Amino acid sequence: MNARQPDGQALSAIYRRAVGKRGIIASAHPLATRAGHDVLVAGGNAVDAAVSAAAVLGVVQPMMSGLGGDTFVLVRSGVTGRIRSINAGGPAPRAQSLEWARNAGLRSLPDRGYLSASVPGAVAGMCAAHQHFGSGRMELRELLDAAIHHAVDGVALTPSVARFFAQNIELLGASESARKAYLDGSDSPLEGRTLRQPDLGRTLDAIAKGGAPAFYRGEFAERLVRCSASSGGLFALEDLAEYECDVVEPISLKLERGTIYTNPPVGQGVVLLEALGILACCEPVSGRHVPALRTHRMIEALKLAFADRNRYLGDPRFIDNPVDRLLSDGHLRARAQRIDDARALSGLEESWRSFGDGDTTCLTAADVQGNVVAYITSLSTPFGAGVVVEGTGVLMNNRAGRGFTLEADAPNCLAPGKRTMSTLHTYIVCNESGPMLAGGTSGGDGQPQWNLQILDAVLNDRVDILDAIDRPRWELTPGTDPAHLGQPFEVRMDRRVDPALVRYLTSLGHEISDKPLGMLGAAQVIAIGGDRSLIGAADGRADGCAMGLD
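This report concerns the structure included in the present document. (Residues numbered from 1 in each chain as written. Predicted model: local features only at pLDDT ≥ 70, side-chain atom pairs only at ≥ 80, totals over all residues. Heavy atoms only, no water.)

### A word on the side chain of histidine 29
Mapped onto the fold, histidine 29 is located in the loop between β2 (23-27) and α2 (30-41). Overall, histidine 29 belongs to the buried group, its relative accessible area being 4%. Apart from the residues within four sequence positions on either side, histidine 29 is in contact with Leu57, Val60, Gln61, Thr158, Asp543 and Cys545. (Helix = DSSP H or I, 4+ residues; strand = E, 2+ residues; numbered from the N terminus. Buried < 20%, exposed > 50% of the residue type's maximum accessible area, 1.4 Å probe, protein only. Contact = heavy atoms within 4.5 Å.)

As structure tokens, this is what we get:
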């Protein structure tokens, strides 16, 4: 009897879920996953694999990440069991001050162009990961070989990447450098078209040979400063030459099922931890509305956590971040008491300035030695600043324009050399036996929300990680009614959400938006069993792919 041919969804799941004894990797693109897998086969560890995969992602998904972006990484050492965070968010140029903005008559920073960009941190983050946590068996050149090959020889565009090009064709067409790098005379890159980026290949090759100094003190830095100056930007050579990323302790929260570790500010992992802590302080629920009530409580906890983020958090080099207080039992219990199971919060005394939707790419990896990596890297919004540094193939981020406020008393106010609060963060979950889970997702302010929903599904409902990724999602966003100081809130729903849940939330006063979630929220998760078995799951909302090494 012949085996039943799997349908499209089942066939997709075959490539999106993998198991391995010696290694596992999951990313948002098959070529990136393959590059990381090849590194594991060659004897590299999980960090080596993650660096290689991240470099490839910047080539094959140029709208999401790349050398001109920023990066946050969590690494769990298999030798020491210690978890460290690499925070590679870049600062604003030193000439970009609040006084400058006022003199220029700006009410906010531009969304695109060189004035929207911060110093790229991705290369420093990549090199720090390799230097501090790599296996020592593989040179940076070996790890970047796949990315260089794909940039020079070209890659065929997947349907999802081609869609992003089509949706952003006006942005790319408005910049001569972006047109030359991506459009090559065509109206819009289509599915299957080969995208070649020889200039990017040369920049990657220079980094492979010279490491971070080749980027921050070499030809790229000089070209960036020239292009910036010619377009009204403010970058100086010193902004790049003096940049270093941080390798620091993560922040964490201990819960009944494990301890969750995440990236500290300027990453926004504190939002995830605070929401989890608030929920842990709520009374247990029972009855037929348990799943719906849990959803209501998650939405309310996120409202409160986001409000705290915008009220208190910023670059720790400039302000004191009260993370310990925000995650203290007293604060979490006080926040939990504000949740009314019968009614939705319609506003808060603290305003929530959203960083909005964004697109990013995340990957996870683990190996038999116990090394675990959750790696997220981004240009902020699709195609970032929309400008490519001439002759380098490097697309710049727009993190500063999207993140900073020009309100002088705000903790996240623009200042020279300051880093904006970032939406980026990942997580690793450990119990007394060691690591259990690692993951992250794209999606701007959706990141802590979707991470929360996945962790709730795995830790509380105990579902398989791929099932948790594939579940319908919702997203809390600020409303548009200016009548309330704290802004009302809207909830966007995946169209697959049970209508009964929508009715229940509506009955509590939640405003359910008719705006779709779209393609946001490509999560990658790995699970580590008590027997050290490795399972990886990748999101079908992107071109997710997981591979294991037996």
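### Observations concerning the nonpolar core
With 65 residues, the main nonpolar core has Leu67, Tyr216, Tyr375 and Met396 as its most contacted residues. At 12 residues, helix α3 (residues 46-60) tops the list of elements feeding residues into this core. Those residues within four positions of tyrosine 216 in sequence are excluded, and the remaining contacts are Val119, Pro120, Gly121, Ala122, Val123, Ala124, Ala221, Leu240, Ala241 and Tyr243. Of all hydrophobic cores here, the second largest spans 62 residues; its members include Ile260, Leu293, Leu424 and Leu501. (Core = buried A, V, L, I, M, F, W, Y, C linked by side-chain atoms within 4.5 Å.)

### Comments concerning unusual backbone geometry
Each neighbour pair has its own omega, and for proline 265 with valine 266 the value is 25 degrees, a cis peptide bond. The topology assignment puts valine 266 in the loop between β9 (258-262) and α14 (269-280). The residue arginine 462 is not glycine, and still its phi comes out positive at about 60 degrees. Among the secondary structure elements, arginine 462 is positioned in the loop between α19 (446-460) and α20 (465-470).

### Describing the packing of aromatic side chains
One pair of aromatic rings is described through two measures. These are the centre distance and the angle between the planes. On inspection of all chains with the given rule, the structure shows 6 aromatic pairs. On the basis of an interplanar angle of 15 degrees and a centroid distance of 4.1 Å, the ring pair of phenylalanine 215 and phenylalanine 220 is categorised as stacked. Taken together, the aromatic side chains of Phe215, Tyr216, Phe220 and Tyr243 make up a single cluster linked through ring pairs. Against the face of tyrosine 312 rests arginine 325, its NZ or CZ located 4.8 Å from the ring centre. (Phe/Tyr/Trp six-rings, centres within 6.5 Å; stacked < 30°, edge-to-face > 60°. Lys NZ or Arg CZ within 6 Å of the ring centre and 35° of its normal.)

### Some remarks on the pattern of salt bridges
Inspection of the entire model under this criterion finds 27 salt bridges. Close ionic contact of aspartate 470 with arginine 16 constitutes a salt bridge, the shortest N to O distance being 3.1 Å. Placement of aspartate 470 in helix α20 and of arginine 16 in helix α1 (residues 8-16) is noted, with a sequence separation of 454 residues between them. Of the residues examined, aspartate 470 reaches a relative accessible area of 23% and is grouped as partly exposed. Here aspartate 539 and arginine 473 are joined by a salt bridge, their closest N and O atoms 2.9 Å apart. Here arginine 473 lies in the loop between α20 and β16 (474-478) and aspartate 539 lies in the loop between β20 (534-538) and β21 (545-549), a separation of 66 residues in the sequence. Just as aspartate 539 is buried, arginine 473 falls in that class too. (Salt bridge = Lys/Arg side-chain N within 4 Å of Asp/Glu carboxyl O.)

### Regarding the environment of isoleucine 465
Residue position: isoleucine 465 is located in helix α20. The buried category is assigned to isoleucine 465, whose relative accessible area is 5%. Separated by 274 residues in sequence, isoleucine 465 and glutamate 191 place their C-alpha atoms 30 Å apart. Ignoring anything within four residues of it in the chain, the contact list for isoleucine 465 reads Leu437, Val458, Val525, Ile526, Ala527, Ile535, Gly536 and Ala537.

### Here we look at the sheet that holds strand β17 (residues 489-493)
Reading across from one edge, β16-β17-β18 is the order of the 3 strands in this open sheet, with mixed pairing throughout. Edge positions in the sheet fall to β16 and β18 (511-512), since each of these pairs with one other strand and no more. Sheet analysis places β16 next to β17, joined by 5 bridges and oriented antiparallel. Bridging across to β17, leucine 476 finds its partner in valine 491. In this fold helix α15 (residues 290-312) packs onto β16 and β17, with an angle of close to 35 degrees to the strand it touches most, β16. (Pairing = 2+ DSSP bridges. Axes fitted to C-alpha atoms, helices over the stretch in contact; angles between N-to-C directions.)

### Thoughts on the sheet that holds strand β19 (residues 523-528)
Pairing is antiparallel across the open sheet formed by 7 strands, whose spatial order is β1-β20-β19-β15-β14-β9-β8. With one partner strand each, in any of the chains shown, β1 (17-20) and β8 (251-255) form the two edges of the open sheet. Strand after strand, the sheet turns through a mean of 15 degrees between neighbouring axes, direction not considered. Relative to β20, β1 runs antiparallel, the two sharing 4 bridges. When the sheet's bridge partners are listed, valine 19 is paired in β20 with isoleucine 535. α14 contacts β8, β9 and β14 (427-431) of the sheet and is inclined by roughly 20 degrees relative to β8.

### Quick notes on the side chain of serine 116
Looking at where serine 116 falls in the secondary structure, it is placed in the loop between α4 (98-103) and α5 (122-133). Judged by relative accessible area, which is 0%, serine 116 ranks as buried.

### A look at α3
Helical geometry note: an α-helix holds 3.6 residues per turn, so side chains three or four residues apart project in the same direction. For α3, built from 15 residues, the straight-helix expectation of 21 Å at 1.5 Å per residue is met to within 8% by its first-to-last C-alpha distance of 21 Å. For α3, the buried fraction is high: 15 of the 15 residues fall into the buried class. With a side-chain oxygen lying 3.1 Å from the backbone nitrogen of valine 47, the N-terminal cap of α3 falls on asparagine 45. (Expected span 1.5 Å × (residues − 1). Polar contact = N/O pair within 3.5 Å; in protein donor to acceptor, adjacent residues only side chain to side chain.)

### Let's talk about the packing of α2 against α3
Where α2 contacts α3, the axes come no closer than 8 Å and their chain directions differ by 155 degrees. Here α2 lies roughly antiparallel to α3, going by the angle between them. By crossing handedness, the relation of α2 to α3 is classed as right-handed. Where α2 abuts α3, its residues Leu31, Ala32, Ala35, Gly36, Val39 and Leu40 lie against Ala46, Asp48, Ala49, Ser52, Ala53, Val56, Leu57 and Val60. (Parallel < 35°, antiparallel > 145°, perpendicular 65-115°, else oblique. Left-handed = near helix turned anticlockwise from the far one by under 90°.)

### Overview of helix α6 (residues 140-153)
In this model, α6 (14 residues) spans 20 Å end to end at C-alpha, consistent with the 20 Å of a helix rising 1.5 Å per residue. Considering bend angle alone, the principal kink of α6 is centred on alanine 146 and spans about 35 degrees. Of the surrounding elements, those touching the buried residues of α6 are α2, α3, α5, β5 (155-156), β6 (194-195) and α10 (198-210). Remark: glycine 154 follows α6 within two positions and exhibits a positive phi of approximately 95 degrees. (Bend = angle between axes of the 7 residues up to and from the residue.)

### Focus: the packing of α15 against α19
Contact geometry of α15 with α19 gives a least axis separation of 11 Å together with a crossing angle of 140 degrees. Here α15 is positioned oblique relative to α19, judged by the angle of their axes. As α15 runs across α19, the sense of the crossing is right-handed. Between α15, through Arg294, Met298, Leu302 and Phe306, and α19, the contact on the second element is made entirely by Pro448, Gln449, Leu452, Asp456 and Asn460. In terms of residue class, the contact of α15 with α19 is made up of 5 nonpolar, 2 polar and 2 charged. (Nonpolar A, V, L, I, M, F, W, Y, C, P; charged D, E, K, R; others polar.)

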